[in-house]
Every structure is written in structure tokens, then in C-alpha cells.
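# Geometric and topological summary
So the chains spell out like this:
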Amino acid sequence: MNIEVVCSTVNQKNINFYRKLNIKTDALIVNQCGYNKYEEIVENGKKIRMINTDTKGSGTSRNIGLLNSKADIIVLCDDDEVFEDDYK
């Protein structure tokens, strides 16, 4: 079973934002920023994806994350959370 963190955020400048959250698994970041773009990187065996969207609202953002997740287990978070090293 695989775990993916789905994070809703606003106006992040780039995909490296995930480092601030101490994410150690795959992650999907939904960034409400006024334009539409998809980004993806692989670092240390984890896939980090970012959906930049012009839609607004935390519920809408989370729904976008849920619809686009590829994981068996989804961990929802906001952009002000920091994960423990061993959360997986």
C-alpha cells in the first residue's frame, strides 16, 4: 500500500515548497494561484506532483487532490503543517 500526502495551498512559487512540510512520501500539492499548470519531480525515491489551478476554495482544492491522487492511503494536510520524520 502506498501513501500520498495531499496538500492544499495558495500562491506557492514552486514545487520545492513541499520541503517546508518535511514530506517523506509521495505528495500531491494543489496550489491555488490564478493559472493552470502541472509539475512533477522525483527526489529520493518519492514523487512530488503539483497542480497549479485558477480555482478557489479549500474544499475545491481538496477535491482536486482526492480526484488526482494515485495512492491507497491519502493524508490530507494544510500548508502550515510539518510532518514528523517517521509519519509513514
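Structure: see above.
Description of the structure in this document. Since we're looking at a predicted model, the values are computed, not measured.

Across its full length, the chain carries one helix and five strands. The order of α-helices and β-strands along the chain, N terminus first, is β-β-β-β-α-β. Its C-alpha atoms give the chain a radius of gyration of 12 Å, near enough to 12 Å, the size a compact globule of 88 residues would have. Principal-axis analysis of the C-alpha atoms places the extent of the chain at approximately 35 × 25 × 20 Å.

Let us look at helix 1 (residues 58–68). Among all positions in helix 1, only Ser61, Ile64 and Gly65 are buried. Taken end-on, helix 1 shows its buried residues confined to a sector of 100 degrees, consistent with a single buried face. Here the buried face of helix 1 lies against strand 1 (3–10), strand 2 (26–32) and strand 4 (46–53).

The mixed open sheet is built from five strands, whose spatial order is 3-4-2-1-5. Sheet topology places strand 3 (37–43) and strand 5 (73–78) at the edges, where each strand pairs with a single neighbour. Strand-to-strand, the axes of this sheet are offset by a mean angle of 15 degrees, without reference to chain direction. Bridge count for strand 3 against strand 4 is seven bridges, and the pairing is antiparallel. Residue Glu43 lies in a different strand from strand 4, and its bridge partner there is Lys46.

This part is about the pairing of strand 2. In terms of residue burial, strand 2 counts as a mostly covered element, since six of its seven residues are buried. Across seven bridges, the pairing between strand 1 and strand 2 is parallel. Paired with Glu4 across the bridge in strand 2 is Asp26. Where strand 2 meets strand 4, six bridges bridge the pair, whose relative direction is parallel. Residue pairing for strand 4: Val30 is matched across the bridge by Ile51.

So, about unusual backbone geometry. In this structure, Asn11 is a non-glycine residue whose phi angle is positive, near 55 degrees. Within the secondary structure, Asn11 is located in the loop between strand 1 and strand 2. Its relative accessible area of 47% is what places Asn11 among the partly exposed residues. In this structure, Asn44 is a non-glycine residue whose phi angle is positive, near 50 degrees. Along the chain, Asn44 turns up in the loop between strand 3 and strand 4.

With that out of the way, let us pick up the pattern of salt bridges. It is possible for side chains of opposite charge to pair when their charged atoms get near one another. The full count for this structure, using the stated rule, is five salt bridges. Taking the shortest distance from any N to any O, the salt bridge between Asp85 and Lys24 comes out at 4.0 Å. Of this pair, Asp85 sits in the segment after strand 5 while Lys24 sits in the loop between strand 1 and strand 2; the two residues are 61 residues apart in sequence, bridging distant segments of the chain. By relative accessible area, which is 42% here, Lys24 ends up partly exposed. When the shortest N-O distance is used, the salt bridge between Arg62 and Asp78 registers 2.4 Å. Of the two residues, Arg62 is situated in helix 1 and Asp78 in strand 5; the sequence distance between them amounts to 16 residues. Arg62 gets classed as partly exposed once you look at its relative accessible area, which sits at 27%.

Calculation notes
Residues numbered from 1 in each chain as written. Predicted model: local features only at pLDDT ≥ 70, side-chain atom pairs only at ≥ 80, totals over all residues. Heavy atoms only, no water. Helix = DSSP H or I, 4+ residues; strand = E, 2+ residues; numbered from the N terminus. Rg over C-alpha atoms; globule rule 2.2 N^0.38 Å. Buried < 20%, exposed > 50% of the residue type's maximum accessible area, 1.4 Å probe, protein only. Arc of directions from axis to C-beta. Contact = heavy atoms within 4.5 Å. Pairing = 2+ DSSP bridges. Axes fitted to C-alpha atoms, helices over the stretch in contact; angles between N-to-C directions. Salt bridge = Lys/Arg side-chain N within 4 Å of Asp/Glu carboxyl O.

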